[in-house]
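Okay, here's what each chain looks like letter by letter:
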Amino acid sequence: MRIVITGGAGFLGGRVADRLAALDDMSLILVDHVAPATPPAGATVVVDDITGGAWLDAAFAGPVDGIFHLAAVVSAQAETDFDLGMAVNVDATRALFERCREQATPPRLVFPSSIAAFGPIVGTVDDTTGNRPRNSYGIEKAIGELLLADYSRRGSIDGRCVRLPTITVRPGKPNKAASSFASGIIREPLNGEASVCPVVGDLELWVASPRAAVDALVHAFDTPTAAWGDDRSLNVPGLTTTPDAMVAALGRAGGDTSLVSFERDPAIEAIVATWPGRMETPRADAMGFHRDTDIDALVRAYVEDELGG
């Protein structure tokens with residue numbers, strides 16, 4: 001089975017690649033603007049700008065059975081650089097779908113959307129809540145959802161869209177996502193470094209662990225087409241927490257809570273505060289998607305996976 005992973009050198013892309021590489025009869029093509037540090041043995045690496053067309057020629061040199069389209073410009077960067085966000089999150093997505101359309105057999109395609117696609121919602125989001133995004137990233141993801149639905153309806157792809165919660169705790173350095181602080185206020189203190197939280201401490205956040213995010217992406221790929229029906233997008237299970245609760249969990253894990261300071265950033269807060277903090281996910285639950293238990297489990301997962309337990 002030939003599987004293309006865009007964003008294959010990234011945080012989620014690398015983990016999905018490692019998961020798939022452990023399966024039999026997998027041929028992986030990893031596409032990114034930089035080479036992965038440690039690609040799985042036997043994987044083909046394509047280093048190219050996702051907004052160009054050369055990578056498509058390389059990735060589709062043979063029939064493609066499956067795609068994880070994980071390449072994206074993240075939230076705060078998409079807001080400050082409109083042209084780049086549209087080029088990567090919308091134009092490159094449609095170019096990929098068009099190339100899929102040329103295949104005789106439609107590939108199975110997993111597309112991660114985001115809770116940012118909902119916008120400001122009063123109360124709890126459920127499977128019937130419509131999109132009302134209020135920032136460029138959320139709008140670009142909502143456009144991707146609609147494109148995936150139409151290309152699936154027309155038989156060009158077998159699309160599956162999963163709206164991921166804020167992923168925490170991410171390893172590595174802070175990125176340009178507006179939600180980067182949700183990892184930083186755990187990750188940095190556990191490494192003995194200070195971290196600033198740019199939003200109020202009682203802001204509700206809908207979060208999931210990296211383990212749950214990778215599980216969701218792979219499970220979405222594995223789920224039979226009939227289980228999706230006409231609605232190709234679903235909300236991934238997560239849990240509701242707040243920065244205050246996260247700092248408390250940091251303390252229970254042995255981290256120094258004094259290293260976390262709260263300094264509100266209106267630009268960041270204006271983005272993150274429009275994202276839903278509570279969701280009900282009966283459809284995903286019925287389809288067997290994994291749910292984290294509590295915020296302490298998310299912190300433990302980071303300690304086990306990234307700090308050697």
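Residue positions within a chain follow its written sequence, with the count starting from 1. Local features are withheld for residues below a pLDDT of 70 in this predicted model, meaning they are given only at 70 or higher, and side-chain atom pairs are given and counted only at 80 or more; totals for whole chains, interfaces and linings count all residues. Only hydrogens and water are removed before side-chain values are computed, so all heavy atoms of the structure are retained for them.

## As for the pairing of strand S6 (residues 158-164)
The rule is simple: take the accessible area with a 1.4 Å probe, protein chains only, and divide by the maximum for that residue type; under 20% is buried, over 50% is exposed, in between is partly exposed. A run of DSSP states H or I qualifies as a helix once it reaches four residues; a run of E qualifies as a strand once it reaches two. Both are numbered from the N-terminal end. The buried fraction of S6 is high, at seven of seven residues. Of the two faces of S6, both are covered, the one formed by Asp158, Arg160, Val162 and Leu164 as well as the one formed by Gly159, Cys161 and Arg163. Summarising the sheet, strand S5 (residues 108-114) and S6 pair through seven bridges and their orientation is parallel. Bridging from a neighbouring strand, serine 114 pairs with leucine 164 of S6. Examined bridge by bridge, S6 and strand S10 (residues 233-235) share three bridges and lie parallel to one another. Bridged to cysteine 161 within S10 is serine 233. Here, any two strands with at least 2 DSSP bridges between them count as paired.

## Comments concerning the packing of helix H4 (residues 82-101) against helix H5 (residues 136-153)
Think of each axis as a best-fit line through the C-alpha atoms, taken over the contacting stretch in the case of a helix, with angles from 0 to 180 degrees between the N-to-C directions. Following both chains from N to C, one finds H4 and H5 inclined at 10°, their axes separated by 10 Å at the closest point. Taken together, the axis directions place H4 and H5 in an arrangement best described as roughly parallel. Where H4 approaches H5, its residues Phe82, Gly85, Met86, Asn89, Val90, Arg94, Phe97, Glu98 and Arg101 are matched on the opposing element by Ser136, Tyr137, Glu140, Ile143, Gly144, Leu147, Leu148 and Tyr151. For this classification, the nonpolar set comprises Ala, Val, Leu, Ile, Met, Phe, Trp, Tyr, Cys and Pro, the charged set comprises Asp, Glu, Lys and Arg, and every other residue, Gly included, is treated as polar. Of the residues belonging to the contact of H4 with H5, the class tally is nine nonpolar, four polar and four charged. Here the angle decides the label: under 35 degrees means roughly parallel, over 145 means roughly antiparallel, 65 to 115 means roughly perpendicular, and every other value means oblique. Note on contacts: a residue pair qualifies if any of its non-hydrogen atoms lie within 4.5 Å across the two residues.

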